[in-house]
Structure formats: structure tokens, C-alpha cells
Amino acid sequence: MAAAPPHGHTPVGAAAATSAAVSIACSSSAASCNEDDDDYGGASSSWSLSSPRRGQPYRRLLRDEAQRLRRARRGQGPGADTPRWVRRTTDQMARYVEDDRAGHVYGRHVVAAVRTVRATASRPSADMRQAMASFVTRLTFREMCVVLREQRGWRQARDFFAWMKLQLCYEPSVVAYTILLRLYGRVGKIKLAEETFLEMLQVGCEPDAVACGTLLCAYARWGRHKDMMLFYSAVRRRELVPPVSVYNYMISSLQKQKLHGKVIHVWKQMLEAGAQPNQFTYTVVISSFVKEDLLEEAMDVFGEMRRCRFVPEEATYSLLISVSSRHGKGEQALRLFEEMKAQGIAPSNYTCASLLALYYKNEDYSKALLLFSEMENSKIIPDEVIYGILIRIYGKLGLYEEAEQTFEEIEKAGLLSDEQTYVAMAQVHLNIGDHDRALEVLESMTTRNVKPSHFSYSALLRCYVAKEDIAAAEATFRALSQHGLPDAFCCNDLLRLYMRLGHLEKARALVLKMRQDDFQLDEDLSMTVMEFYCKSSMIKDADKLFKDIQRNRKTVKIPTMLLLIEMYARNRSCVILKEHSSSKALDETDSSAASVVLKSLLDMPGGLSSVSLLISKLAREGSTDEAKFIYDQLTELGIKPDDSAIATLIVQYGQAKQLEQAQELFKSASAFFPEGANVYNAMVDAFCKCGKTEDAYHLFMEMAKGGNRDVVTVSILVTHLTKHGKFQEVENIIHGCFQDEVQLDTVLHNTFIKSMLESGKLHSAISIYDRMISSGISQSMQTFNLMISVYGKGGKLDKAVEMFAAAQELGLPIDEKMYTNMLSLYGKAGRHQEASLMFKRMKEDGIRPGKISFNSMINAYATSGLYNEAKSIFQEMQDCGHAPDSFSYLALIRAYTEAKLYTEAEEAIQMMLNSNTTPSCPHFSHLIFAFLKEGQIGEAQRIYNQMKEASVAPDLACCRTMMRVYMEHGLMDEGISLYETTRGSLKPDSFILSAAFHLYEHAGRESEAQDVLDAISVSGTSFLRNMKIGSKL
């Protein structure tokens, strides 16, 4: 049987009509209903409608009856018949349910009525009147409501309600209509629910908060949020406040549709209506505030929730921890986490992930590891997000193997499904420069059907940029563009790749594309574009970009401004041309773009020091013209740069041998700075580098008058004076430093000692060393090496040995140079055993002997005539990969000649010639002297001829020795021939000239003898008259 239509008209609109009906004003009459009832006492009803019909206020009557019963029980005292909780067993509970089914609770006839109505569902054509004919007059109104409530199908409920209204005991009640509304709302029959609600109004039943809440829940359940809010407004105009459960249903439905703004709106209206939120309400509202990124409001609601003594759920804590971390409020997030743990709430994976991300951001890795331990103790199984954060932490700590091991564990566990995990692992590989492995990780993502997004394409682009693979980087950039406009980081990476590889045309095209798309440049990208403009000398574009940045009131970073200034300096001819063509209306201070940028830079903190550093940088790079241009710009503005910048430029002028420019700059800058400043020291250095040691010395002495002696400048000046043999000036500087008690360091003491060593003033060198020790200046390895040389040159081998031992006692790492120095001294002293022990100790200390060390050891054996040992060391040197040089062969030849093994010595000379090692006169002289000493003049003459055939010119010592032998043995022709062949290559020598005179005179060649005598007179050498020819014949 179809439900009877409601009285009056059938509504066409849905919520609009309902809203209009509910908004009917309540009657202001105070009429009361004084009907007596056995169960209910007289009750004055204020639940009236504008309709003339009035019904029993059932809900109020039931509430009043319950209160009456409680009062009655209180009046009975301790013997009151109070219902008690009954603990039933499982069997007893099953029996209780069976009794309910059997009608022991409501009555058997009620159970039968419920079954009868439900049975009509299987018979669509069944007539409810016929089906319920046997129940007419048997059911009371309350029992009919029970039957209506127990129905499962909306059709059966509708038909039964229509039958119910035909019964004599039926009286329109909000309870019955509410039950029907709930059934309609449960199955989504919103239109029927609206019609039922209108019918309830038309029959004179005033809806209460429960009825209105039921319809609101129906709207919320089926997503009719617009109708729900419209109906809610009408309910509030009736000054009805729905139960908190209805509010919860509403906000829960809105939140499911991500309408967080409306959730917050309902929340505020709920507070205005005076409804008391419960725990569920607070949980949903806090979640919506978090989703709307309203942290402060969310924390306010959270505080109110705790004041009401509701225990927040883990999800609430998790959301608040996450949003606090996102807002940079790490302490608040940690405080919430500690509070959650104090209440015994175990954190979820999401909470742990939020905290780990916070620790990762703050680089607090110890707390991150502690949280991992807590998760393990709490048996919280990490998910992929947590593993991804762990991989990032391992990458930051440099634990690359652990990161890769974690990635493999995720893969084996089947958790690898998020692209961010792949990107995290790829980033770890990028950090260690393993670009190929990073690409493998990202490519494996695509093979496993993980859809790449903008995030993974950005990582892939970084890989190709790091590999400098332009083709792949461009392809990735195009793929990235299909997902939307690439971000500034990607554009910056590609642009820097183009600039690094010199593809300026592609860089220009990319910049042009960004300008056409009105791409918003961030700070890094702006600097890269500015750098590109500067490298490409695109002055107009650079000017425009600079003005755009200033127009947008963005802070131009100092590095960007320095790039601009450097561009103007490198293209100053273009700047000058632009200045000449500019408008005359411009101020003088604005005549150049460089001046404009310089002014802006100088107004910034640290601007002047940055410009000074730029001048120093350009000067060190050799760009002295550009550095001078910036210096001139500063002086025009009345600004003086740091003296260190000017000093660097002066030094660079000296390095380039541009002394005039250095003097000009020094002259202009010396007015700004007092004597002794860096510019004076730099000028001394420039004089030294240009070979003007006298000018450097005089300038330094002027500085010294003011008590200004920079130790570095003193060291440089002393080194150059020593190189040019100006030892007296060096002594003056040393004396001045000691007299004025200048604080000298180890390096300068070493410089003084070395200068005295080279000048041969060994006593002064020792005095400087003693002063160094008494002043408590620490000794370096070079100090001991120099003093070993000083004592060795003075023949004090024992002192040299003491210096070597002192260096060892101080724990200084003895290097090869010191060992070689000692080997040389032992060798010269003929103490080959000590030299051999020293050579052995050097190798035991892990020092691999070099060629000089081997040569010194061969010399030591040669001095003692130990040719076998010398030959063994010579072979060892070759076995160690050192090719013998001229000194090696000379030491070996000397060893053979000392042992009178002349054949082996000749073989050594021949081996030297075969190895393409250029010989010198001493290589032959040792053998020549040995033959002459043995009286084998012919052999000596043969070796001498071999020397000339090898194009080796004899030295003075060799010629004098040969000449003496020729004189003593009366070999006049050989002596005259020697003189005539060597007089053009040797400097005048008194012995050779005197011998030549006597040879010519004895041979009767008076004219040649006179020529020799004239040469003696011109050269100023002494004439030896007592020389005799053939003294040994």
C-alpha cells in the first residue's frame, strides 16, 4: 500500500521549502493543556505551531516521567526498588536475546507485527491494510513506534506509517516522524525525508532539536552540504540547538569533502549557539585548522580541548607536530611529542616521520637516531617514508654504504613504491659524485611502473647536469616542461651547464624563453642570469635586470653587484662610449653605470670591503687594467679602498715588471695611508721583483725610521739583496732589526742565517742562531738544515751531527734534504761508514732516496776509494728508477780513478756518452790528472783529445795542469798548441800566459813571445819569470 499523501500540498522544493516551513514563527500564546493522564501529570506545553492542531509533547512527557520516578525512588530511602546492572553469562545473554525475539521485552504481538511488516518486502504487491488487519486495535501508539523503528526497508516503513496514521490510537507525534526521517536518511531518500518533515509541520507537530538534527544528518550523510547549511540556518533562526552529535556529523561530512573552511564556519556557529563540543568535535576541528594551515588557531582549540580534560588522539598530536615542524616551530613540535609520550600514546609512523624530517632539517642527527631506537623498542615498524628520511640522514652523515643498504632492504621488503625514496637514494649518489649510479636508481623507478613527476624529473636533470650531458639534460628539461613550467632551480641548473661548457647561444635562448614566459626569477637564478649577461658583455640587458630588481624592491646581493662592476671594468671601453652618448642632463656622479652600481654597493654593509676584495681578485688574476679602472672609479667618488687591495695591485705590477704603473699607483695611494702600511711593503716587493734592489733598500730604510719593519717585507728584501750579492745592506737590515728589538719569526731568522751562509760569514750565521735560541723562537726543519750546512762549510762536522740529533730529539720529521746534507758532509770528511749508516737509516725511516741522495752516497764511497760500493749504489739507483745524471757519472768516475781503475773509468765515460748524458770537463779531468800523476802523458793526451772530440771545452784547471806537464817535460810544440787552441775561450791566467811566453821564447819565436807579454800587461796579471822548461827531463 502506498503511503498516503500528507495533508495539504506536496512540496516541490527540497531544502528551500523545508527551510521556509521551519522558519514559521512560534505561537506566542501561553495556552496550556490540562489533560489529566494516569502516566503523565498535567503538563503545560510550549511546543506550539502556528497550526491550530496541537499534539502531546511526547519527548518532554517522557523526560518528566523519568524525573518523577527518580524523585520517587529518592523518597523511598534505602529500600527503594532501584534497577541494577546484571552480569550475565554468555548463555544467559543468548537467552535474553531469544526472549526479546519471542516478545518477552515488547510483547509477542509486537514481534509478530514487526515480522509481518518486514514480510511485505518479499511481496511487492502486498497491501499493508490486509497484512496488518489482525493487528488493528491490538497495538498502542508506542508499540506502533517500536514496529516502525524496527523496519529495515524504507518502503515497508513508509507503508506502515501510512497504516499507522489510520489507527484510532494514532496521534501526530514528532517521535514517529523522527523515526521515519532517520529511515529515509539512512537510505538516501532525501526528497521523501523533506516531504515527511513538511508533513510534520503541516499536521501541527513542532520539530525539536532531534528531528531537525536527523534531517541535518541525512543531508550530511549524502553530501548535500548546500542544503544542509541552508536548513541549518533555518533551524538556528528557530533558536534550536542541535545535539553535539549532529554537529559532529556535519563537520565530519564537510571534512571528508575537504571543505575545511566550512568546517571552521560550523565550528564557530556551534560555539555561538552554546553547544558543548566533545572529543570527536575537537579532533575534527583541529584537523581542519591544520589543513587550512592555521597553526595558531589549531593550537588554541587544542588548548581548549585539554582544559576540558579530553585526551587528544594520536592523530591529533601527529597533525599538530607536522604543521609545527612545517612552520619552523621545532620546539613546539618536540613539546607536543613529549606530552604525547607522557600520556602513554604510542606514536604512529606519520608522527615519527614528521619528527625525523624536523631532525633532518635541523641537522640534529643524534636525536633522529634516538627516535629510531625508541621506535624499535616500541615495535613500531617503519614505513617507506621513514626509510626515505633515514636514507637522507645517512647521506648527510656521509654513511653512503648504510644508505644503500637501507635502500636494498626497502626493496627486498616490497615497500619501494614512492618516487621520493628513489630520489633520496639518487641524491646520496650525487653527493659522492657517482652520477651513473644515481641515474640507475632513477631509471629503475620507471621500470617498476612508478610514475615520474616534476620531483623526479628535477633529480634526473641534476644527474645529467652533473655528468655534463647536454643532450640528455635538454631532453629531461623538455619532459619536465610537459608537467608544467619548470621551477627556478631546474632553469638555474641548465643555464649553469650551458655557461660551464661554453654554449652561450643555448644559454641566450634559454634566458630569452624565460623572459618571453615572464618567468619569475629567484635570487640564485637572477644571479646566474646576471653572470651570463656579464660574461656575454650584454650591458643593456644587465642594466635592465638590475633596474628590475631594484624596482621590485628586492635586495640585490653583493655578489651580483660585484659581477656587474666586474663586467663594466672588463668592458670599460663600451661603458666610456655609453657615457659619451648619454644625456648631458645626467649628474656627474651618475655619468656611468659603474658609478651607479658602486654607489649602491657602498651603501650596503661590507660594500667597500667587497669592492676591495674584487680589486685584489682581479689583480691576482693579472687583470691589472680592470682593477685600476675600479680603483679610479672609487677615487672619483672620494672613496679610498682598503690598503690591502692597493698593495695587491702594486705587487702584481711588480710581478709583470710594470714598475712605472706601480710607482704611479704608489704615489697616488701613499697620500691616503701612513708610512709602513701595506702599500709601502708592496712597493718594496715591486722594486725587488723589477730588480731595483737599491730603490727597495732605500724605501725600506725610510720605513724603518718610523719603526715599521714588516717581517714578510724584510724576508723578501733580504732574499733579493742576497741574490744580488749586497751583503753589507743585509747586515745593516739585520743589525737594525736586532737593535730595535723587532719581533722576528722563524722564517725571518732562517732568511738571515741563509744570507750569512751564502756570504761566507759563518760566525754571523752562528750568532744569529744563538740569538734565535735565546729569544725562544721555535726552530723549523729548515733551521736545522741551514745550520748543518753552516757547520759543514766551517768544517765542524761534530756540530753538524749535534744539530741533526737535536732535530730528531724535537720530534721533527727528518726529510730527505737533511739526510742528503749529512751524507754529503760525511762523504767530504771521508767517513763513509757513518754515511752508509745514515743512508740505511733514511731508508728504514720510510724515506725513498732520491737522485741527489744516491749521488751523495756514491761520492762518499768515491772519496774513500771504495769503487765496489760506489758501483753497487750506482746500480741500486738505477734499480729504483732513477736515471743517472752528470753528477752520478762524475762520482763513479772519481771512484774508479781513486782506485786506479782507469779502464773502468773510461768505460764509465763511454757509458755516459751512450746514454746521451752531456759530459763536462771534470768527467775527463779526473782521468787526465790520474794519468799525469802516474806519468802517463800519452794516455793523458789521449783522454784530452777524446774530450775535445766530444765537444767538451777544457776548464782552466785542466789547461794549467796540462801546461805544467808540457813545461816540465819540455814538450814545447804541445804546450804552444794548447795555448793557441784555448786562449780564446779561457780568461787570462798568469801561469798559462807566462808559460806561453817562455815556450815561444825558447822556440825562438820572439814576435809571439812579445804578443804574449803585451797580453800580460793589458790583463794586469803577474809575469812569472822563474819558470823553467824541461825541469823533469
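First things first, this report covers the structure right here in the doc. Throughout this description, residue numbers start from 1 for each chain and increase along the sequence as written. Where totals are concerned, whole chains, interfaces and linings use all residues; where local detail is concerned, this predicted model gives features only for residues with pLDDT of at least 70, and gives and counts side-chain atom pairs only at 80 or more. Hydrogens are left out, water is left out, and the side-chain values use all remaining heavy atoms of the structure.

1. Focus: the pattern of salt bridges
Condition: Note on definitions: salt bridges are taken to be side-chain nitrogens of Lys or Arg within 4 Å of carboxyl oxygens of Asp or Glu. Counting from the N terminus, the helices are DSSP H or I runs at least four residues long and the strands are E runs at least two residues long. Think of it in three bands: residues with accessible area under 20% of the maximum for their type are buried, residues over 50% are exposed, and the middle band is partly exposed, with areas taken using a 1.4 Å probe on protein chains only.
All told, the structure shown has 31 salt bridges when counted by the stated rule. K329 is paired through a salt bridge with E296; the nearest N and O atoms lie 2.4 Å apart. A residue pair is termed long-range when its members are at least 10 positions apart, and K329 in the loop between α16 (314–326) and α17 (330–342) and E296 in helix α15 (residues 295–307) qualify at 33 residues. Look at K329 and you get partly exposed, because its relative accessible area is 31%. Overall, E296 belongs to the partly exposed group, its relative accessible area being 44%.

2. A look at the packing of helix α49 (residues 886–898) against helix α51 (residues 921–933)
Geometrically, a packed helix pair is captured by the angle between its two axes and the distance between the axes. Our working rule: Here an angle of 0 to 180 degrees is reported between the N-to-C directions of two axes, which are lines fitted to C-alpha atoms, with helices fitted over the stretch in contact. Put simply, angles under 35 degrees are roughly parallel, angles over 145 are roughly antiparallel, angles from 65 to 115 are roughly perpendicular, and the rest are oblique. The contact rule is simple, with two residues in contact once any of their heavy atoms fall within 4.5 Å. By the convention adopted, Pro, Cys, Tyr, Trp, Phe, Met, Ile, Leu, Val and Ala count as nonpolar, Lys, Arg, Asp and Glu as charged, and the other residues, Gly among them, as polar.
Between α49 and α51, the shortest axis-to-axis distance is 9 Å and the interhelical angle comes to 5 degrees. One element, α49, and the other, α51, form an angle in the roughly parallel class. Of the residues in α51, those touching α49 at S886, Y889, L890, I893, R894 and T897 are P922, H923, H926, L927 and A930. For the contact of α49 with α51, the class distribution of residues is six nonpolar, four polar and one charged.

3. A closer look at the nonpolar core
Burial of nonpolar side chains together is a common tendency in soluble globular proteins. Just so we agree on the cut-off: For the purposes of this section, nonpolar cores are sets of buried Ala, Val, Leu, Ile, Met, Phe, Trp, Tyr and Cys residues that join through side-chain atoms within 4.5 Å. Either an automatic procedure or a domain database provided the assignment from which the domain bounds are taken.
Ranked by size, the top nonpolar core spans 194 residues in total, and within it I630, I650, M683, I733, F752 and I928 carry the most contacts. At nine residues, the largest contribution of residues to this core is made by helix α30 (residues 558–570). Two domains each put at least three residues into this core: domain 1 (744–813) and domain 2 (959–1032). The contacts of I733, once residues within four sequence positions are left out, are Y697, F700, V714, L717, V718 and L721. Counting 115 residues, the second largest nonpolar core, distinct from the first, contains A273, V290, I321 and M375.

4. Here we look at the packing of helix α33 (residues 607–620) against helix α34 (residues 624–636)
Heads up, the rule is: Take the far helix as your reference; a near helix turned counterclockwise from it by less than a right angle gives a left-handed crossing, and one turned clockwise gives a right-handed crossing.
Running from amino to carboxyl end, α33 crosses α34 at an angle of 155 degrees, the nearest separation of the two axes being 7 Å. As summarised for this structure, α33 and α34 are arranged roughly antiparallel, according to the angle between their axes. Note that α33 runs across α34; the crossing there is left-handed. Seen from α33, the contacting residues are V611, L614, I615, L618 and A619; seen from α34, they are T624, E626, A627, I630, Y631 and L634. Of the residues contributing to the contact of α33 with α34, the split by class is nine nonpolar, one polar and one charged.

5. A word on the packing of aromatic side chains
The condition that has to hold: In summary, the pairing rule links any two rings of Phe, Tyr or Trp, Trp by its six-membered ring, whose centres are within 6.5 Å, and it sorts them by plane angle into stacked for under 30 degrees, edge-to-face for over 60 and tilted for everything else. The rule for a charge over a ring is simple: NZ of Lys or CZ of Arg within 6 Å of the ring centre, and within 35 degrees of the ring normal.
One pass over the full model with this rule turns up 20 aromatic pairs. Relative to Y170, the ring of F161 has its centre 6.2 Å away and its plane inclined at 85 degrees; by these criteria the two rings are edge-to-face. The buried category is assigned to Y170, whose relative accessible area is 12%. Three or more aromatic residues link up through ring pairs in this structure, and these residues are F141, F161, Y170 and Y177. Over the ring of F738 we find R771, and its NZ or CZ is 4.1 Å from the ring centre. Cation over ring: R964 sits above F991, and NZ or CZ is 4.7 Å from the ring centre.

By themselves, these observations are geometric and do not establish any function.
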